[in-house]
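Structural characterization, general
Each chain is listed here by its residues.
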Amino acid sequence: MSQQTSTLAVPSPATPKPAGKFRADIQALRALAVTAVVVNHLWPQLLPGGYVGVDIFFVISGFLITRHLVEELRGTGKVRLARFYGRRMRRLLPAALLVAVVSIAASWLIQPYSRWLDVAWETLAAVFYGENWLLAAKSIDYSADHEMATPVQHYWSLSVEEQFYLVWPLLLAGAFLLALRIRKTPLPLLSATMGTVFVLSLAYSVYFTVSSKNEAYFVTTTRAWEFAAGGLIALATFALAGRGAQERELMRPAAPRLWMGLLAGAGAVALVVSLAVFDEQTLFPGAMALVPVLGTGAIVLSGSVLGRSALPAVGFRPVQALGDISYSLYLWHWPMIVLAVPLLGHDLRTREKLVIGAASIVLAALTKRFVEDPGRSRLFRNRKARVSILSGFGAMALAGAMAIGMVFSAGHAEQLQQEQLALLAKSPCYGAASLSEGASCPGKYGPPNALNIGKAESPYFAVSGCRSATDQIRVQGVPYLQDCDYSRGKKDAKTVWFIGDSHAEHWKVAFFDLARKQQWKVRLSLAGGCSLADVRRVAFMDAPRLDEKSQSRCLDWSGQVSDKIMEQRPDLVVASTFSVKETIDDGTGRDQLSQYRSSVERRIAKWGQNGTRVIIVRDSPLTLGKSTPNCVINNKGNALACATQRNKALVADPTAKAVSDLGHANLKVLDLSDQFCDDARCYAVTGGLFVFFDNNHLSKSYVESLAPVFERRLLSLAQGA
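Here we summarise the structure given alongside this text.

Rules used in this analysis
Residues numbered from 1 in each chain as written. Predicted model: local features only at pLDDT ≥ 70, side-chain atom pairs only at ≥ 80, totals over all residues. Heavy atoms only, no water. Helix = DSSP H or I, 4+ residues; strand = E, 2+ residues; numbered from the N terminus. Buried < 20%, exposed > 50% of the residue type's maximum accessible area, 1.4 Å probe, protein only. Pairing = 2+ DSSP bridges. Core = buried A, V, L, I, M, F, W, Y, C linked by side-chain atoms within 4.5 Å. Salt bridge = Lys/Arg side-chain N within 4 Å of Asp/Glu carboxyl O. Axes fitted to C-alpha atoms, helices over the stretch in contact; angles between N-to-C directions. Contact = heavy atoms within 4.5 Å. Disulfide = S-S within 2.5 Å. Polar contact = N/O pair within 3.5 Å; in protein donor to acceptor, adjacent residues only side chain to side chain. Phe/Tyr/Trp six-rings, centres within 6.5 Å; stacked < 30°, edge-to-face > 60°. Expected span 1.5 Å × (residues − 1). Parallel < 35°, antiparallel > 145°, perpendicular 65-115°, else oblique. Nonpolar A, V, L, I, M, F, W, Y, C, P; charged D, E, K, R; others polar.

1. As for unusual backbone geometry
- Residue P285 is reached from F284 by a cis peptide bond, and omega for that bond is 20°.
- For P285, the position within the fold is in the loop between α11 (254-277) and α12 (290-306).
- Here the residue pair G446 and P447 is connected by a cis peptide bond, since its omega of -5° sits within 30 degrees of zero.
- Relative to the helices and strands, P447 resides in the loop between α16 (385-424) and β1 (466-468).
- Of note, the phi angle at Q519 is positive, near 55°, even though the residue is not glycine.
- Positive phi values are uncommon outside glycine, yet R569 reaches one of about 50°.
- Its location among the elements puts R569 in the loop between α19 (548-568) and β9 (572-576).
- Exposure remark for R569: the relative accessible area of 52% places this residue in the exposed category.

Have a look at this one:
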């Protein structure tokens, strides 16, 4: 692609100003973007829409990179890909790898081993610019609490940008070459190509945001249109610069200034509105992302046409200085927030947040001075581009090796903790055993004797002896029914269904121990986040879940489960759900208890009337974000600081209460609340064990410790089933 062309050449001096000139308006937009993100992360209530700062960055990147590439195509007829990628690596990698390495080292020292795996894998993904896809696969809610975030979670946006940098030159060069071959002017074809990306990506973003908001937030395909928006503005500046001299002379000088001023003002209003009004409930980045994207685009276009910003205070020195360090500031602020809490041992207070903000600015300025600038201007200076590329990949590999080392360290630490738990289990005061009548166990509510918080404590483990059912329940292509035969050929073996969501799942270790002892035939069906109700679930964990995919999944699953129970009439059904936080809507506008009661009458009560005994395990207490392992760790083992008031943590479980209120002989409730709470409080640690694995699921070891109580009470309610 060495052929040159004059079709994009500018015939005479005209607006916009040359691309190489410094743009104070773009620097100010960078300052606004990074400030919005930092404030949103430190004080989300103050600037709930601060996350749109990332979208501002995306538009700017699309504009600048497109300008640069088209200038190169116009001047040489080709894009020197190796040189382009080498420059990107020298510009971005040094600071990014520095912060990633410091973050993983600090996590190793500060955070408990239970966090190491997540930190390691996300660091590996961040280093190789795939963090956004990893977070999408995990369906992370980026607006959620910082408690379970890793210090490199914010690298998702850098990953999106790098993927853009990888593809964009190829796309533009391909369109340019095609234009030359078919003897067409390149600019219209480039615009059509970029416009197609804009339309298709925006349409997909709108669709995917509605169907799966958390995933849509991260994936590149829902964000590509934002870069294309910036690219289209860049191409528009070439079109404007190519107007004939006579046409420019006929234009009144004041008109462009007036219209561009109004355009910039409208863009500023759009940004202010999105920053102040948007929040975590906004369906983003779908159609709503048009507001900050078009707002940013309006300001950039106005500045391109006028050659200066039409907005006041843009050139203010602190604003420009902040824009200058925006990249490093974005990198540093998040790990400092995430790591400060375990280091300090308590939630961040206002003065500490101010210190973090100031320290982040200082670190960013130092990184800009001693890492960013030398990397861009002096690193591998006068060397071939491939040297920069190979060196960049080598540095990425070294950082990745550090992450892999952390993976192995986490596994070793987990093994040591499991060995310690095996020794502690022999104690009469181990876990829930400390609550037994007559047990003399001082200090039973803390501190912990072991860190039973690693992956081995997760409720998400495969049960031995289970296989996929032949009469499978399939929802959206996923199987939801397993058969676990522990009868050993016993002819009169009871058939027991074990169903629910992840809050049934965390009882598995106790239930299946009982099933093996009783030689039951178990049918297992669990669907995370789904109640057993026969009406729409419209929110989960207080966050709206209005997408059709999510709602139909739960309704389809629970409906198939109910149909099979009615058809097969098992001896016993054991169920538990997180219905306290699974909001349903039957259209009546009644309170949740009333709606759940009606659903129970229509569905679960019929199982009992059909001859099946049903036991609903009353849900465990809410942690309220306080009785979590992180709270105990952050409070230096002071578990009592993480206890919650009983009346706040032990709220009514609407499914269990509805079953209890019905008073049907075949419908029973297994209430184990006394294994978590006394008359006043519910606890984070009991008998030296963390009660919870995360912010709402029980730890496996604690459930094992209360298995004798679970078995005794469940069998009593089952009455020999």
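2. Points about the sheet that holds strand β7 (residues 536-540)
- In space, the three strands of this open sheet follow the order β8-β7-β10, with antiparallel pairing throughout. Edge strands, defined here as strands with exactly one partner in the open sheet, are β8 (543-544) and β10 (582-585).
- Bridge count between β7 and β8: two bridges; the pairing is antiparallel. Bridge pairing in β8 places A539 opposite P544.

3. A look at the nonpolar core
- By size, the foremost hydrophobic cluster in this structure holds 91 residues, and its most contacted members are Y155, W156 and W168.
- Top contributing element to this core by residue count: helix α6 (residues 155-181), with twelve residues.

4. Describing the pattern of salt bridges
- Counting across every chain of the model gives 27 salt bridges.
- Residues K368 and D373 are paired through a salt bridge, measuring 2.7 Å at the closest nitrogen-oxygen approach.
- Accessibility expressed as a relative area gives 9% for K368, which makes it buried.
- Among the ionic pairs, D542 bridges to K581, the shortest N-O distance being 2.7 Å. Linking D542 in the loop between β7 and β8 with K581 in the loop between β9 and β10, this pair joins segments that are 39 residues apart in sequence.

5. Focus: the sheet that holds β9
- With mixed pairing, the seven strands of this open sheet are ordered in space as β1-β4-β6-β5-β9-β11-β13. Of all strands in the sheet, those bounded by a partner on one side alone are β1 and β13 (667-670). If you compare each strand with its neighbour and ignore which way they point, the axes differ by 25° on average.
- Examined bridge by bridge, β9 and strand β11 (residues 613-617) share four bridges and lie parallel to one another. Note that in β11 the partner of V574 across the bridge is I615.
- Sitting on the sheet, helix α24 (residues 654-662) touches β11 and β13, and the angle it makes with β13 is about 135°.

6. Structural notes on the state of the cysteines
- In total, this model carries five disulfides according to the counting rule given.
- One disulfide bridge connects C466 with C484, the sulfur atoms lying 2.0 Å from each other. Since a negative S-S torsion denotes a left-handed disulfide, the C466-C484 link at about 105° is right-handed. Here C484 lies in strand β4 (residues 482-485) and C466 lies in strand β1, a separation of 18 residues in the sequence.

7. A look at the environment of E414
- Tracing the backbone through its elements, the reader meets E414 in helix α16.
- Judged by relative accessible area, which is 14%, E414 ranks as buried.
- When the C-alpha atoms of E414 and H664 are compared, they prove to be 46 Å apart, with 250 residues separating the residues in sequence.
- Setting aside anything within four residues of it in sequence, one finds E414 in contact with Y113, G454, K455 and A456.
- From its side chain, E414 meets the backbone nitrogen of A456 in a polar contact 3.4 Å long.

8. Concerning the side chain of N634
- By secondary structure assignment, the location of N634 is in helix α22 (residues 629-634).
- The contact partners of N634, leaving out residues within four places of it in the chain, are V341, P342, G345 and H346.

9. Observations regarding the packing of aromatic side chains
- Here the structure, examined in full by the defined rule, presents 27 aromatic pairs.
- Between F164 and Y165 the ring centres are 5.5 Å apart and the planes differ by 50°, which places this aromatic pair in the tilted class.
- On the basis of relative accessibility, which here comes to 7%, the residue Y165 falls in the buried class.
- Between the aromatic rings of F511 and F512, the centroid separation amounts to 5.1 Å while the plane-to-plane angle is 90°, which identifies the pairing as edge-to-face. Both residues of the pair, F511 and F512, belong to the buried class.

10. Points about the side chain of H333
- Position of H333 among the secondary structure elements: in helix α14 (residues 326-344).
- Owing to a relative accessible area of 1%, H333 belongs among the buried residues under this scheme.
- When near neighbours in sequence (up to four residues on either side) are disregarded, H333 contacts V37, V38, H41, I356 and S360.

11. Considerations on α12
- Over its 17 residues, α12 runs 24 Å from end to end, which matches the ideal 24 Å to within 8%, given 1.5 Å per residue.
- Burial of α12 is extensive: 13 of the 17 residues sit out of reach of the surface.
- Note on α12: the residue one or two positions beyond its end, G307, has a positive phi of about 80°.

12. Some words on helix α20 (residues 592-602)
- Of all the positions in α20, only S594, Q595, Y596, S598, S599 and V600 are classed as buried.
- Taken together, the buried residues of α20 touch β10, α21 (604-609) and α24.
- The N-cap residue of α20 is D591: its side-chain oxygen and the backbone nitrogen of L593 are 3.1 Å apart.

13. Remarks on the packing of helix α3 (residues 81-110) against helix α4 (residues 116-127)
- Taken N-terminus to C-terminus, the directions of α3 and α4 make an angle of 170°; their axes are 10 Å apart at the nearest point. One way to sum up the angle between α3 and α4 is to call them roughly antiparallel. Residues L97, A100, I104, S107 and W108 of α3 pack against W116, V119, A120, T123 and V127 of α4.
- Along the lines of polarity and charge, the residues of the contact of α3 with α4 split into eight nonpolar, two polar and no charged.

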